[in-house]
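Given next are the chains, with one letter for each unit.
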Amino acid sequence: MAQKVNEVMTPVPVAVSPDTSLVRVGDLMRQHGIGDVLVVHEGRLRGLVTDRDIVVRAVAVEKDMSTTAVADICSTNIVTVAPDADADDAVLLMRRHAVRRLPVVDGDRPIGMVSIGDLAVQRDERSALADISAGPPTT
């Protein structure tokens with residue numbers, strides 16, 4: 001039987017409000033050993049910011065990290081997946097949209113995050129990607 005997204009996702013993703021500074025977002029990424037944070041307003045998913053977004057859209061253009069809000073640089077056209085979707089469907093979405101992570105949403109409310117690493121572990125826990133993904137976070 002195929003696994004569902006809610007069986008492989010990371011529950012309770014790290015989320016911030018749109019007015020959160022990039023310094024705070026970066027600190028949360030460091031604390032949690034993650035490379036992405038959801039942007040949520042009134043419980044609804046409004047964006048996604050990655051460590052790469054911060055580098056390319058803020059650091060590279062010399063934005064003030066302490067005064068720039070995450071809403072100014074986050075991606076807002078986000079591909080999401082439902083918790084009851086098949087994990088294989090999540091893989092297809094990632095391939096089709098060339099993304100490495102998908103917010104898991106119930107309606108428009110985020111409840112988890114599924115990454116390419118989560119799916120690699122689910123599909124073949126002996127694969128190189130699964131081995132890397134299962135390791136401790138880097139700091």
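Looking at an unreviewed UniProt entry, one finds the chain named CBS domain-containing protein and attributed to Actinomadura meridiana.

**Some remarks on the sheet that holds strand β3 (residues 36-41)**
Strand pairs in the sheet, formed through backbone hydrogen bonds, run parallel or antiparallel to each other. An order of β2-β3-β4 is seen for the 3 strands of this open sheet, with the pairing classed as mixed. At either margin of the open sheet sits one strand with a lone partner, and together these are β2 (15-16) and β4 (44-50). Relative to β3, β2 runs parallel, the two being bridged by 2 bridges. Bridge pairing links V16 to V39 in β3.

**With respect to the confidence of the model for the chain**
Averaged over every residue, the pLDDT of the chain is 88; the share at 70 or more is 86%. Mean pLDDT per element in the chain: helix α6 (residues 128-134) is the minimum at 42, and β2 is the maximum at 98. Counting interchain partners and residues more than four positions distant, the pLDDT-below-50 stretch residues 126-133 has 9 contacts.

**Overview of unusual backbone geometry**
Despite not being glycine, E62 shows a phi value in the positive range, around 60 degrees. One non-glycine residue, A98, adopts positive backbone phi at about 50 degrees. Relative to the helices and strands, A98 is located in the loop between α4 (87-97) and β5 (101-106). A residue is classified by how much of its surface remains accessible, and A98, at 70% relative accessible area, is exposed.

**Section: the side chain of S21**
Position of S21 relative to the elements: it lies in the loop between β2 and α2 (22-32). On the basis of relative accessible area, S21 is assigned to the buried category, the value being 19%.

Quick notes on the rules
- Residues numbered from 1 in each chain as written.
- Predicted model: local features only at pLDDT ≥ 70, side-chain atom pairs only at ≥ 80, totals over all residues.
- Heavy atoms only, no water.
- Pairing = 2+ DSSP bridges.
- Helix = DSSP H or I, 4+ residues; strand = E, 2+ residues; numbered from the N terminus.
- pLDDT = per-residue confidence, 0-100.
- Contact = heavy atoms within 4.5 Å.
- Buried < 20%, exposed > 50% of the residue type's maximum accessible area, 1.4 Å probe, protein only.

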